[in-house]
Amino acid sequence: MGNSLKAIVAYVPSKKCQKYLLEDLEEMPVDKMVDLSGRQLRRLPLHICSFRELVKLYLSDNNLNHLPPELEQLQNLQILALDFNNFKALPLVVCTLKQLCILYLGNNKLCSLPFELRLLKNLKTLWIESNCLQCLPEVVCELSLLKTLHAGSNALRSLPTQLRRLQELRTIWLSGNLLADFPSVLLDMPFLEVIDVDRNSIRFFPSLAHLPGLKLVIYDHNPCRNAPKVAKGVRRVGRWSEESPEPRKRSGAVIEISLEEKPSPPPAIKPEPE
């Protein structure tokens, strides 16, 4: 079915039309996964909520802006993808899905996250990139098992000091925000393995050499005048990294170094829960 026809049918609320969009998905698949990505959906078909053993539900790239309360029936759900939709607020019913390990909320219109998000005690990966966040919601700091946080392409200017509570956090992606200073709270998180602050407005980097867990720091495309110092074996991506020394004075002039090639971004394929 072409996307244009799907878009037209999506406006029709009849069961027949919704069944047409779902391509006769009437019973829960054996693999306990339902992928309704890119179906032009404007509402979640209620009968999906009857698949109570469902583990993975992908609703990416639709036209959703709300979810039915019946979604609460999916108490075995571990992966929920709501990215590339039209959510201005996270539906509270999502916060009742207490087995969630991975939650994709990127590319929506979120300006905040509800306090009830703290109920997702098993959440390990949270994607909130490409939204309208001007500050990192403090409720994120209540997710004690969080290992990966993708918060790039927002309008963040700082990070809350409470972030240091997340002692399981290993990877934080902050590319494309409005950080003028390197977030000081990250200096108190020795367990971090990957820090990405690419495409911000950071002019000076403090030493990161004291972070024993650090493996990779990406700091490219910042107006910085120095590279962050790191321990031996830590890879840096940015100006004056391992392959090119920091600029030095020579005959009164500063020798400029060309930008290093940036590695591939985080994998587009959604990972499985650990």
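Analysis parameters
- Residues numbered from 1 in each chain as written.
- Predicted model: local features only at pLDDT ≥ 70, side-chain atom pairs only at ≥ 80, totals over all residues.
- Heavy atoms only, no water.
- Helix = DSSP H or I, 4+ residues; strand = E, 2+ residues; numbered from the N terminus.
- Contact = heavy atoms within 4.5 Å.
- Areas by Shrake-Rupley, 256 points an atom, 1.4 Å probe, with all protein chains shown as cover.
- Polar contact = N/O pair within 3.5 Å; in protein donor to acceptor, adjacent residues only side chain to side chain.
- Phe/Tyr/Trp six-rings, centres within 6.5 Å; stacked < 30°, edge-to-face > 60°.
- Buried < 20%, exposed > 50% of the residue type's maximum accessible area, 1.4 Å probe, protein only.
- Salt bridge = Lys/Arg side-chain N within 4 Å of Asp/Glu carboxyl O.
- Pairing = 2+ DSSP bridges.
- Axes fitted to C-alpha atoms, helices over the stretch in contact; angles between N-to-C directions.
- pLDDT = per-residue confidence, 0-100.

- The protein chain is annotated in an unreviewed UniProt entry as LRC10 protein from Ceyx cyanopectus.

**Here's the deal with the overall build of the protein chain**
Step number 1: On a plain count of helices and strands, the protein chain comes out with two helices and 12 strands.
Step number 2: Counted from the first residue to the last, the protein chain has its helices and strands arranged as α-α-β-β-β-β-β-β-β-β-β-β-β-β.
Step number 3: Sequence-distant contacts, at least 24 apart, represent 26% of the contacts inside the protein chain between residues at least 6 apart.
Step number 4: Surface exposure of the protein chain reaches about 13,700 Å², of which carbon and sulfur atoms provide 53%.

**Re the side chain of Arg-236**
Step number 1: Examined against the element boundaries, Arg-236 turns out to sit in strand β10 (residues 235-237).
Step number 2: Within the structure, the side chain of Arg-236 is placed 2.8 Å from the backbone oxygen of Pro-228, a separation counted as a polar contact.

**Details of the packing of aromatic side chains**
Step number 1: In the structure shown here, the tally under the stated rule is three aromatic pairs.
Step number 2: On the basis of an interplanar angle of 50° and a centroid distance of 5.3 Å, the ring pair of Tyr-104 and Trp-127 is categorised as tilted. In this pair, Tyr-104 sits in strand β4 (residues 102-104) while Trp-127 sits in strand β5 (residues 125-127), placing the two residues 23 residues apart along the sequence. In terms of burial, Tyr-104 and Trp-127 fall into one category: buried.
Step number 3: Members of the aromatic cluster, each reached through a chain of ring pairs, are Phe-182, Phe-205 and Tyr-219.

**Some points on the environment of Leu-90**
Step number 1: With respect to the element layout, Leu-90 can be found in the loop between β3 (79-81) and β4.
Step number 2: Take Leu-90: its relative accessible area is 6%, and that puts it in the buried class.
Step number 3: With 18 residues separating them along the chain, Leu-90 and Asn-108 place their C-alpha atoms 9.7 Å apart.
Step number 4: Among residues more than four places away in sequence, those in contact with Leu-90 are Leu-82, Cys-95, Leu-105, Leu-110, Pro-114 and Leu-117.

**With respect to the side chain of His-150**
Step number 1: Tracing the chain through its elements places His-150 in strand β6 (residues 148-150).
Step number 2: A relative accessible area of 7% means that His-150 is categorised as buried.
Step number 3: Only 3.5 Å separates the side chain of His-150 from the side chain of Trp-173, close enough to count as a polar contact.

**A look at the pattern of salt bridges**
Step number 1: Scanning all chains against the criterion turns up four salt bridges.
Step number 2: The partner of Arg-164 in a salt bridge is Asp-188, with the nearest N and O atoms 2.8 Å apart. Highlighted residues: Arg-164 in the loop between β6 and β7 (171-173) and Asp-188 in the loop between β7 and β8 (194-196), separated in sequence by 24 residues.
Step number 3: On the basis of relative accessible area, Arg-164 is assigned to the partly exposed category, the value being 37%.
Step number 4: In this structure Asp-188 comes out as partly exposed when scored by relative accessible area, which is 43%.
Step number 5: The partner of Arg-199 in a salt bridge is Asp-198, and the shortest N-O contact between them spans 3.7 Å.
Step number 6: Accessibility expressed as a relative area gives 46% for Arg-199, which makes it partly exposed.

**What about the sheet that holds strand β9 (residues 216-218)?**
Step number 1: Taking strand neighbours across the sheet as the criterion, the 10 strands line up as β1-β2-β3-β4-β5-β6-β7-β8-β9-β10 in an open arrangement whose pairing is parallel. Here the strands that pair on one side only, and so sit at the sheet edges, are β1 (33-35) and β10. Neighbour-to-neighbour, the strand axes of the sheet open up by a mean angle of 5°, direction not taken into account.
Step number 2: The sheet contact formed by β7 and β8 spans three bridges and is parallel. In the sheet register, Trp-173 faces β8, and the bridge partner there is Asp-196.

**Points about the environment of Arg-39**
Step number 1: Mapped onto the secondary structure, Arg-39 falls in the loop between β1 and β2 (56-58).
Step number 2: Measuring from C-alpha to C-alpha, the distance between Arg-39 and Asp-61 comes to 7.6 Å, with 22 residues separating the pair along the chain.

**Some details on the confidence of the model for the protein chain**
Interpretation of the predicted coordinates at a detailed level should be avoided for regions scoring low in pLDDT.
Step number 1: For the protein chain, per-residue confidence averages 86 on the pLDDT scale, and residues scoring 70 or more make up 79% of the total.
Step number 2: Note that pLDDT drops below 50 for residues 1-11; the model gives that stretch 22 contacts with residues more than four away or on any other chain.
Step number 3: In this model residues 247-267 is a low-confidence stretch, pLDDT under 50, and it forms 35 contacts with partners more than four residues away in sequence or in other chains.

**Thoughts on the environment of Ile-48**
Step number 1: Tracing the chain through its elements places Ile-48 in the loop between β1 and β2.
Step number 2: Owing to a relative accessible area of 0%, Ile-48 belongs among the buried residues under this scheme.
Step number 3: Counting along the chain gives 23 residues from Ile-48 to Leu-71, while the straight-line C-alpha distance between them is 8.3 Å.
Step number 4: If near-sequence neighbours (up to four positions away) are discounted, Ile-48 is found in contact with Leu-25, Val-34, Leu-36, Leu-54, Leu-57 and Leu-74.

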